Amino acid sequence: MFIAYDVKNGIEYAKLCVSTRDGENVNKDYTNLGRVLDKGGGIYKSRERGIFTYDLASNTYDKAPVEYVPPTAGRKELLILDFGDAFFIDRFVRAKALQPAIDAIGYGNPDTLYAMIMYYAVCSAANCHAQSWWEGSYARILYPNANLSSQRISDFLTAIGDEYSQREFFREYFKLLDRSGSGAENVLIDSTGLPNSIRFPLTAVNNHNGEISNEVRLVYVVQQKTGLPLYFRYCPGNVVDTMTLIRCLEELKAQGINVKFAILDAGYYTEDNIRDFYDNKVSFITRLKGNLTIYKDLVKEHLGSLESKENLIEYNGRYVYLKCIPMELHGHNAYAYVGLDIERKASESRKTFRSAKDRKMDTDQVFDTIAGQGVFIIVASRRIATTSLLPLYYTRQQIEQVFDIGKNYAEMLPLRVQTEETFRGHLLLTFIVTVLMKQLQDALLKTAYNPISALLNLRNQKCKVFADKIITQEAFKKANDIYKLFKIKCPTALPLKY
């Protein structure tokens, strides 16, 4: 058995030849290996296998090494590239000191890893277009060894989706977070659905707040102090939120994050979860759903005495009646905060009045309906001043903003993966980019820009590629404004890294 080579139209091809003798006759069977990419390394390319290796001694096929980059012969090199967005993201990653956590992933071709992070940040197209983006971007100069062919991206996502790689990332990432002072271990926890019609074990029918969809459930933990994503988990779409909470905290504890205080969505309230919080000495705040017996009992007992001068507080330009009631919650001391949002009650009552006639409601039914409108109850494991409760509880909006950033700026949706292994890698990439985009959005809050508009304006700045350097073109005013905001100086020329 040996490998034979042929050259056709200047391109070398290989085929595996097996000789067998039948008496005086010698029969030869050929198997095409395809185009020769690296004869010494045994790397070939065929339509059936893509890029692969073949070892003659063991007669085995395998994937090409992750550090291998296919030759670019025959492809015309662009002499003018998109510059500003890639240059900015590279400098921004350095400024936020995320490299140690990214490098800890341990992927064999770092250029591919950093190029894909940049691609998720600046481009909303499918991964099959990553190579085309790279060829026309300054990312090609920053990461010359990136391999962004569709086949290798799937391999790449599978590799970084490995559990060991993700644990190593979080081990370093936790070191970068501000964990000093009080409140460093306070978190927000919530989940979101990732609609998904791809068939793999995580896809399941979910009924969340009355909306039914095929989805995967994604749980995020956000650090309350910084508003930055802290951790993520995922589970099949038909797993209810209440079942994910304690496991999430246990995983964090196993990796050195001992949560002291958690703000939860109402969907996480169950007796078992509340007991576990007390047992683990984790303080909490959560809202009660209106269908719970405890909610109905508290409203029945305290709603009549709620509207009094001592209970009136102002929050964010609105006036709310809020009363603190010590209580026993599943055998533990707790505090219930029964509230009445005056503006919300008025709005909901007007809707009831307008529809009462069409719904054929009598006055008793109207009275009973509006009696509970605008009412809410928040329970906490420790006493909090009524003037401080709502500002604290509504920091929950930070996690909703994080989900919004992930879905709109970090390629969290739509899902374009086919297996659970590539899905895990995709989630890690979106987590990293969500961290970056959250930091970018925070810095842009008092400006006229958001992450999308900022990066689009930066992309308009081009650069010209010469034999030994690139020369940047003059930046437009908007791009200059963004550079100044982040104290980034745009160089006139930069050396090539080829």
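Preceding block: the structure.
The text that follows walks through the structure, step by step, so that each part is easy to find. (Residues numbered from 1 in each chain as written. Predicted model: local features only at pLDDT ≥ 70, side-chain atom pairs only at ≥ 80, totals over all residues. Heavy atoms only, no water.)

### A word on the overall build of the protein
Argument step 1. Along its length, the protein carries 17 helices and 20 strands.
Argument step 2. Against the globule reference of 23 Å for 498 residues, the protein gives a C-alpha radius of gyration of 29 Å, more extended than a compact globule.
Argument step 3. With the principal axes as the frame, the protein shows a C-alpha extent of 105 × 65 × 50 Å.
Argument step 4. The buried share among the 498 residues of the protein stands at 50%. (Helix = DSSP H or I, 4+ residues; strand = E, 2+ residues; numbered from the N terminus. Rg over C-alpha atoms; globule rule 2.2 N^0.38 Å. Buried < 20%, exposed > 50% of the residue type's maximum accessible area, 1.4 Å probe, protein only.)

### Considering the side chain of Asn109
Argument step 1. Structurally, Asn109 is set in the loop between α2 (99-103) and α3 (110-122).
Argument step 2. A distance of 2.9 Å separates a polar atom in the side chain of Asn109 from the backbone oxygen of Asn145.
Argument step 3. Excluding residues that lie within four positions of it along the chain, Asn109 makes contacts with Val66, Glu67, Val69, Asn145 and Asn147. (Polar contact = N/O pair within 3.5 Å; in protein donor to acceptor, adjacent residues only side chain to side chain. Contact = heavy atoms within 4.5 Å.)

### Regarding helix α9 (residues 271-279)
At 3.6 residues per turn, the α-helix brings residues three or four places apart onto the same side.
Argument step 1. For α9, the set of buried residues is Asn273, Ile274, Phe277 and Tyr278. The arc enclosing the buried residues of α9, seen along the axis, measures out at 135°, which places them on a common side. Set apart from the buried face of α9 by more than 90 degrees, the exposed residues are Asp272 and Asp279.
Argument step 2. Its buried side turned inward, α9 meets α8 (245-254), β12 (261-264), β13 (283-287), β15 (318-329) and β16 (332-341).
Argument step 3. Once α9 ends, the next one or two residues include Lys281, with phi positive near 55°. (Arc of directions from axis to C-beta.)

### Here's the deal with the sheet that holds strand β5 (residues 50-55)
Argument step 1. Pairing is antiparallel in the open sheet, where six strands are placed in the order β1-β2-β3-β4-β5-β6. Bordering the open sheet on either side are β1 (2-8) and β6 (60-63), each of which pairs with just one other strand. For this sheet, the mean angle separating the axes of adjacent strands, direction not counted, is 45°.
Argument step 2. Relative to strand β2 (residues 11-22), β1 runs antiparallel, the two sharing seven bridges. Following the sheet pairing, Ile3 is matched in β2 by Leu16. (Pairing = 2+ DSSP bridges. Axes fitted to C-alpha atoms, helices over the stretch in contact; angles between N-to-C directions.)

### Here's the deal with the sheet that holds strand β7 (residues 80-82)
Argument step 1. Strand order across the open sheet formed by four strands is β7-β18-β19-β20, with antiparallel pairing between neighbours. On the outer flanks of this sheet lie β7 and β20 (493-495), each paired with one strand and no other. The mean angle between the axes of side-by-side strands here comes to 30°, regardless of whether they run parallel or antiparallel.
Argument step 2. Alignment of strand β19 (residues 469-472) against β20, held across three bridges, turns out to be antiparallel. Each bridged residue has a counterpart across the sheet, and for Ile471 the counterpart in β20 is Ala493.

### Regarding the pattern of salt bridges
Argument step 1. In total, this model carries 26 salt bridges according to the counting rule given.
Argument step 2. Two residues, Arg344 and Glu348, come together in a salt bridge whose shortest N-O distance is 2.8 Å. Placement of both Arg344 and Glu348 in helix α11 (residues 342-356) is noted, with a separation of four residues, approximately one turn of the helix.
Argument step 3. The class for Glu348 is partly exposed, based on a relative accessible area of 22%.
Argument step 4. Put simply, Asp481 and Lys477 hold a salt bridge, and the shortest N to O gap is 2.9 Å. Residue Asp481 and its partner Lys477 are located together in helix α17 (residues 477-485), separated by four residues, close to a single helical turn.
Argument step 5. A single network of salt bridges, built from pairs that share partners, joins Glu168, Arg171, Glu172 and Lys175. (Salt bridge = Lys/Arg side-chain N within 4 Å of Asp/Glu carboxyl O.)

### Some points on a nonpolar patch on the surface
Argument step 1. On the surface, Leu312, Tyr319 and Ile342 cluster together to form a nonpolar patch covering roughly 270 Å² of accessible area.
Argument step 2. A relative accessible area of 38% means that Leu312 is categorised as partly exposed. (Patch = residues over 30% accessible without salt bridge, like charges linked within 9 Å, V, L, I, M, F, W, Y side chains within 5 Å. Areas by Shrake-Rupley, 256 points an atom, 1.4 Å probe, with all protein chains shown as cover.)

### Let's talk about the pairing of β19
Argument step 1. Of the two faces of β19, the one lined by Ile470 and Thr472 is fully buried and the one lined by Lys469 and Ile471 carries no buried residue.
Argument step 2. Note: strand β18 (residues 462-465) against β19, three bridges, orientation antiparallel. Note on β19: the bridge partner recorded for Lys464 is Ile471.
Argument step 3. Counting the residues in the hairpin turn of β18 and β19 gives three residues.

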